Number of protein chains: 2
Amino acid sequence: MDENEKRLQDRFTQLKGYLDSGDKKRFRKTYLDMHFYDQSTFYLTLNKAEREALYGILEPDEMGDMFDTIEDDNPQIPALLKEMDLEYASKMLNDMYDDNAADVLEHLEKVDVDRFLEQMPKNDANNLRGLLHYDTETAGGIMTTDYVEFHEEETAQEAIRALKKFAKTAETIYYLYVLDHHDDLVGVMSLRDLILLDDNDTLGEKMNSDIITVNVDAEQAEVAQVFRDYEFLAVPVVDHSNKLVGIVTVDDVIEVIDDEAQQDYSGLAGVSMDEANNDGPLKAASKRLPWLITLLLLSMITATLINHYENLLAEASILAVFISTITGTAGNAGTQSLAVAVRRLAVEEIDRHEFLKLLVKEFITGFVTGLVTGIAVFLLVGIWKHNFILGMVIGMAMCAAITVANLAGSFIPMLMSSFGFDPAVASGPFISTLSDLTSVLIYFSIAGSFLQYFVKV
Amino acid sequence: MDENEKRLQDRFTQLKGYLDSGDKKRFRKTYLDMHFYDQSTFYLTLNKAEREALYGILEPDEMGDMFDTIEDDNPQIPALLKEMDLEYASKMLNDMYDDNAADVLEHLEKVDVDRFLEQMPKNDANNLRGLLHYDTETAGGIMTTDYVEFHEEETAQEAIRALKKFAKTAETIYYLYVLDHHDDLVGVMSLRDLILLDDNDTLGEKMNSDIITVNVDAEQAEVAQVFRDYEFLAVPVVDHSNKLVGIVTVDDVIEVIDDEAQQDYSGLAGVSMDEANNDGPLKAASKRLPWLITLLLLSMITATLINHYENLLAEASILAVFISTITGTAGNAGTQSLAVAVRRLAVEEIDRHEFLKLLVKEFITGFVTGLVTGIAVFLLVGIWKHNFILGMVIGMAMCAAITVANLAGSFIPMLMSSFGFDPAVASGPFISTLSDLTSVLIYFSIAGSFLQYFVKV
C-alpha cells in the first residue's frame, strides 16, 4: 500500500503544478488516467480557487464519475455543490449513477433539491424523485435504475451489440435482466454466460429463470444477506406486482454491511460512531454526554436503593466491600448475553415459540454461569475472610444476580425487536446499569436474611 | 423473501421425492437448475443415506460447485468429506475454486490434507499447498489463483476467444490481468472495456496501467479497505518482486468485512461470537465463563481495595451508597472511549505523534464529560442529602474517575495496537472492570480527605 500511496502523492503534486500553471491539456491527461476514487481524493485536497479552476477544465460527466465515489454523508458536499454553477452541478448530478445522485440529494435542503431537479430533463428528474421517495435503509433506498434489460426473444448477438451502447451508462453490465412481453422479469443472464452463447441463441432459451429477487421495501440488512449467501454481484429489485424497478449492486452492499456493523457496535458501546475523527474534544463530549447522563440517572436509583439499606450497611460494613464485585460481574454477564442476542436478532426473525425457547436457554446459561462464578467467589471470600457464611451469601447473590442479568440481556433486545424497534438500541451500558440495580436488590435481600449468621456480635 | 423461501421449500420436497424413488434424471434436471447456494442448503438438510445417494448421482465437479458455497468453518465438513469416497472427495476439492478448497483443507487434520492432496495431479496439489502456507487473515490467505492473465500483445478478439475457454474455471472473468514479456503485471482490463474494443486492438494499447495491487502479506482488513474505496470486483495480489500471484474477489471481501466486524463486536462484549445458535446452554456457558472468571479475579482486587477503606466506611456508611454510581458511570464512559478508539485503530495506523495528540484529545473529552457529569451528580446528591459537601466529594470523584476511565479506554487499545496486538482484545468488560478499580481508589482517597467536613459528628 505504501508504494501505491507514495506514487499517488507524486501524481497529486504534479497535478497541482499543471492546475496552477494552467496547463489544461497535461492536467486532463494525467487526471483522467487516474481511478475515479483517486480523482475524488485529489479533488477533496484542493482549495476553493483550485476547485474552481477544475470546474473550468472538466466536463460535468467527468466530474460526475469522480463524484460517484465520494461518500454521500461527507459534510462538505452541500458547500461543494453550491460553489458550482447551477447548470453545471445539475448536469453533473444527472450524469452520476442515479442511486449515488439520490443519496447526495438526500442530504440537501428541499429547496436546493428542487433547484437542481428543475434544471434536469423531466424524465431524469422524475426518476430521481422516485428514488428519493424510498426509505434510505431499504432495497429501494440503495438500488439504482441504471441497469440493462432485454426481451427474451433477443439474440446473443443483438444483446452484445446493445451492451456496448449501455457500457458507458449502466452501473453494471455483468448481469442482463430479461423481460417477457408483459415486461415481467422472467430471467437473468450473466455476461459470463452470454459470451459463451452462439450468436443466434435467444436470451429466453438460455437465461437462468430461477431468479432471486428482493422486494423494493425489503430492509437493507435482508438485501445484504442475499449477497452473502448467493455471492451475486447484483440483485434485481421488484415491486409488489413483481415488476423490475431497479438493481442493488455489490459496492452498495459493502456500505450497508459496514453501516449495520457500525450500528450494532455503537449500540453495544452506548456511543454514536458518527463521532468523526476530526471532531474536537468538546464536540465528542457533547455526543457522549446524553447517554452518560441518562445512565447516571438510572444509577441514582441504584444509589437510593443502597441508601434504603443503610442500616444494614452500618451494621455490617463488610457488605460494602463486595458491592462492586457483584454489580460488575453481573454487568459483564449481562453484556455477553446482550451481545449474543443482538447478533442473533440481526440475522433471523424470532417468533413467539422461539422467543420462549431462547429465554429458557438463556436462563439455563445464566444459571450455570452464575453457579460456577458463585462457587468461585464463595471459595475466594470464605478463604480470604475466614467466614464461609459470608462467602455463601456473596456466592448466592452472585449466582442470582448473574442469572437475572443474563435474562435481562437477552429479554430486553428480543422484546424491543418484537415491537419493531432496533434491538441494538438496548446498549451494553444500559444493560449493565440496569443490572446494577437488580444486583444490589438481590444482594441486600439475601444479606439481610443471613445477617445474624455472619456478623459476629 | 418469504415467497422465495416457500418456492425453495417446495423444490426441496420435490427433490427428496426424486431421490427416494431413485429418479436420477428428474433429480439432476431440477437440482442443477438451482443456484449453487440453494443446492448446498438442500445438501445440508439430507441424512447420511440421502447424501450417499447424491454422491452416486452427481459428478465431483457438480458437487464442487455447490461445496464452494458452504462456509468453510461449518463444523460438519470434515465428517462430510470422510463419508465420501477418497477419490471422489479429492476430485471434488480439486474442482472447487482453489481459495475455497484451501479454506476447507485449513480446517482438517494434517494427515487428511495429505491424503486428499496425494490423489490430485501434482501441479494442482502444489498450488493448494502454496495457498495453505499463507496466513489465513492476509491477502495470500483469501486470494484465488483461478484468474485470467494475458500478454499485452494479444488482441481483443484473441482475448474474448480465450475468455470463453476460461469462463468455466476462472473465479471471475470480469477483469483480465495483463503481463509484459517479463511476466510482470503491467495492466488491468475489465470485460466491460474489452467488449468496447475493436477486434484488432491489443490489450497493451487499451489496458488501464494505473494498477492498484495489494501485497500478498497485506492484512485482510487492508484489502477490504481497497474494495471499499475503489469499489472493485477483484484486486490483484503481488509478491515482493511485484509478480502477480493471485486475485482477491469481492465475495471473499464481504466475508472479511463480516469477520472483522464480528471480532470488534465480540471484543467489546467480552464474549466469543463463535457461540453457534444451536449450542446448548452448557456449551454457551463454557464459552462465556473464562472471561467472567478472569474479570471476577480483577474485581476481587477492587474488593480488597474497598476492604482497605473499611474503617472509613464504618465511619461514613453513606459512602457505600454511591460506590456503584461512580464505578458504573466511569465504566460507561470508559466503554465509550474504548469503542471510539478501537474503530479508529481499525481504519488507520497511528504513529507516535498522533498517539500523543489523541491521548490529549481523549483527556480533554474525558475531563469535559467528567465535569458535566460531576456537576450533575453534585446537584443531585446535594439536594437529595441536603449535604453539598458530600455532593462535592461525589462530584469530584466522578469527574476524576471518568477522566481516568476515558484515558484508559483509549490508551490501552492504542498501546496494544502499537505492540502489534489486536486492539479489540481489550474488551469493554475488561475496561469497565479495570475502571472500577481506579474509580474506587479515587473515590475513597477524595472522601478520606474531606471526611471531617461531611460527617456530622
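Residues numbered from 1 in each chain as written. Chains lettered and ligands numbered in written order. Predicted model: local features only at pLDDT ≥ 70, side-chain atom pairs only at ≥ 80, totals over all residues. Heavy atoms only, no water.

A. Fine view of the overall build of chain A. Across its full length, chain A holds 23 helices and six strands. On C-alpha atoms alone, chain A measures out to a radius of gyration of 30 Å, which is more than a quarter above the 23 Å that the 2.2 N^0.38 rule sets for 457 residues. With the C-alpha coordinates aligned to their principal axes, the bounding extent of chain A is approximately 95 × 60 × 45 Å. Within chain A, the fraction of its 457 residues that count as buried is 55%. For chain A, restricting intrachain contacts to residue pairs at least 6 apart in sequence, the fraction spanning at least 24 positions comes to 67%. A gap of 6 Å separates the mean positions of the 35 positive and 74 negative side-chain charges of chain A. (Helix = DSSP H or I, 4+ residues; strand = E, 2+ residues; numbered from the N terminus. Rg over C-alpha atoms; globule rule 2.2 N^0.38 Å. Buried < 20%, exposed > 50% of the residue type's maximum accessible area, 1.4 Å probe, protein only. Contact = heavy atoms within 4.5 Å. Lys, Arg positive; Asp, Glu negative; His and termini not counted. Charge placed at Lys NZ, Arg CZ, Asp CG, Glu CD.)

B. Representation of the UniProt feature "domain: CBS" (unreviewed entry) in chain A in the model. Within this numbering scheme, the UniProt entry marks residues 143-205 and 207-263 of chain A as carrying the feature "domain: CBS" (unreviewed entry). The span residues 143-205 of chain A shows a helical share of 29% and a strand share of 22%, and its end C-alpha atoms are spaced 28 Å apart. (UniProt positions renumbered as here; feature names shortened; annotations may be inferred.)

C. Quick peek at the interface of chain A and chain B. Contact residues are listed per partner, giving 119 residues for chain A and 119 residues for chain B. Between chain A and chain B the total buried area reaches about 10500 Å² when both faces are included, carbon and sulfur atoms providing 62% of it. Counting the contacts that link chain A with chain B gives eight salt bridges. Across the salt bridge formed by aspartate 210 of chain A and arginine 11 of chain B, the nearest N and O atoms sit 3.7 Å from each other. For the pair chain A and chain B, the number of links is 38 residue pairs in polar contact (both at pLDDT 80 or more). Considering each element in turn, the side of chain A that touches chain B owes the most residues, 19 residues, to helix α17 (residues 281-308) of chain A. Broken down by class, the residue content of the side of chain A that touches chain B amounts to 64 nonpolar, 29 polar and 26 charged. (Buried area = accessible area lost by both parts, 1.4 Å probe. Salt bridge = Lys/Arg side-chain N within 4 Å of Asp/Glu carboxyl O. Polar contact = N/O pair within 3.5 Å; in protein donor to acceptor, adjacent residues only side chain to side chain. Nonpolar A, V, L, I, M, F, W, Y, C, P; charged D, E, K, R; others polar.)

D. Just the nonpolar core, in detail. Formed by 184 residues in total, the largest nonpolar core has its most connected members in Met63 and Phe67 of chain A together with Met63 and Phe67 of chain B. Excluding residues within four positions of it along the chain, methionine 63 of chain B makes contact with Tyr43, Leu54, Tyr55, Leu58, Met84, Tyr88 and Met92 of chain B. With 74 residues, the next largest nonpolar core counts Ile442 and Tyr443 of chain A together with Ala397 and Met398 of chain B among its residues. (Core = buried A, V, L, I, M, F, W, Y, C linked by side-chain atoms within 4.5 Å.)

E. The sheet that holds strand β3 (residues 185-190) of chain B, seen in detail. Residues and elements named next belong to chain B. If you walk across this open sheet you meet the three strands as β1-β2-β3, and the pairing is mixed. Sheet topology places β1 (149-151) and β3 at the edges, where each strand pairs with a single neighbour. In this sheet, adjacent strand axes meet at a mean angle of 35 degrees when their direction is disregarded. Relative to strand β2 (residues 175-179), β1 runs parallel, the two being bridged by three bridges. Note on β2: the bridge partner recorded for histidine 151 is leucine 179. Strand contacts of helix α12 (residues 156-166): β1 and β2, with the helix running at about 155 degrees to β1, the strand carrying the most contacts. (Pairing = 2+ DSSP bridges. Axes fitted to C-alpha atoms, helices over the stretch in contact; angles between N-to-C directions.)

F. Structural context of the relation of the copies chain A and chain B. The operation relating chain A to chain B is a screw motion whose rotation component is 180 degrees, with 0.1 Å of axial translation and a residual RMSD of 0.2 Å. On the angle and the small slide along the axis, the relation comes out as a two-fold axis. Here 100% of the interface residues in chain A have copies in chain B that are interface residues too; the copies meet face to matching face. (Least-squares fit on C-alpha atoms with pLDDT ≥ 70 in both.)

G. Seen up close, the pattern of salt bridges. Applying the stated criterion across every chain yields a total of 32 salt bridges over all chains. The salt bridge partner of arginine 228 of chain A is aspartate 258 of chain B, with a shortest N-O separation of 2.4 Å. One end of the pair, arginine 228 of chain A, is in helix α15 (residues 220-230); the other, aspartate 258 of chain B, is in helix α16 (residues 250-269), on a second chain. Its salt-bridge partner being lysine 110 of chain B, residue aspartate 114 of chain B comes within 2.9 Å of it at the nearest N-O pair. Of this pair, aspartate 114 of chain B and lysine 110 of chain B are both found in helix α9 (residues 110-119), four residues apart, which corresponds to roughly one turn of the helix. Classification of aspartate 114 of chain B by relative accessible area gives partly exposed; the value is 22%. One connected set of salt bridges, linked through shared partners, spans Arg7 and Arg11 of chain A together with Asp210 of chain B.

H. Up close: the environment of methionine 63 of chain B. Within the secondary structure layout, methionine 63 of chain B lies in helix α5 (residues 60-67). On the accessibility criterion, methionine 63 of chain B (0% relative accessible area) is buried.

I. Examining the packing of helix α3 (residues 36-43) of chain A against helix α5 (residues 60-67) of chain A more closely. Residues and elements named next belong to chain A. Packing of α3 against α5 brings their axes to within 7 Å, and their N-to-C directions diverge by 95 degrees. Here α3 lies roughly perpendicular to α5, going by the angle between them. When α3 is examined against α5, the residues Phe36, Gln39, Ser40 and Tyr43 are found in contact with a partner set consisting of Glu62, Met63, Asp65, Met66 and Phe67. Taken together, the residues of the contact of α3 with α5 sort by class into five nonpolar, two polar and two charged. (Parallel < 35°, antiparallel > 145°, perpendicular 65-115°, else oblique.)

J. Structural detail: the sheet that holds strand β6 (residues 244-249) of chain A. Residue and element names in this part refer to chain A. With mixed pairing, three strands are arranged side by side in an open sheet as β4-β5-β6. On the outer flanks of this sheet lie β4 (214-215) and β6, each paired with one strand and no other. Pairing geometry for β4 and strand β5 (residues 234-238), over two bridges, is parallel. Paired with valine 214 across the bridge in β5 is valine 237.

K. Structural detail: the packing of aromatic side chains. For the coordinates displayed, the defined rule picks out 35 aromatic pairs over all chains. An aromatic cluster is present here, built from Phe12, Phe27, Tyr31 and Phe42 of chain A joined pairwise through their rings. Lysine 385 of chain A extends its terminal NZ or CZ atom over the ring of tryptophan 384 of chain A, reaching a point 4.6 Å from the ring centre. The ring of tyrosine 265 of chain A carries the charged tip of arginine 343 of chain B above its face, separated from the ring centre by 5.6 Å. (Phe/Tyr/Trp six-rings, centres within 6.5 Å; stacked < 30°, edge-to-face > 60°. Lys NZ or Arg CZ within 6 Å of the ring centre and 35° of its normal.)

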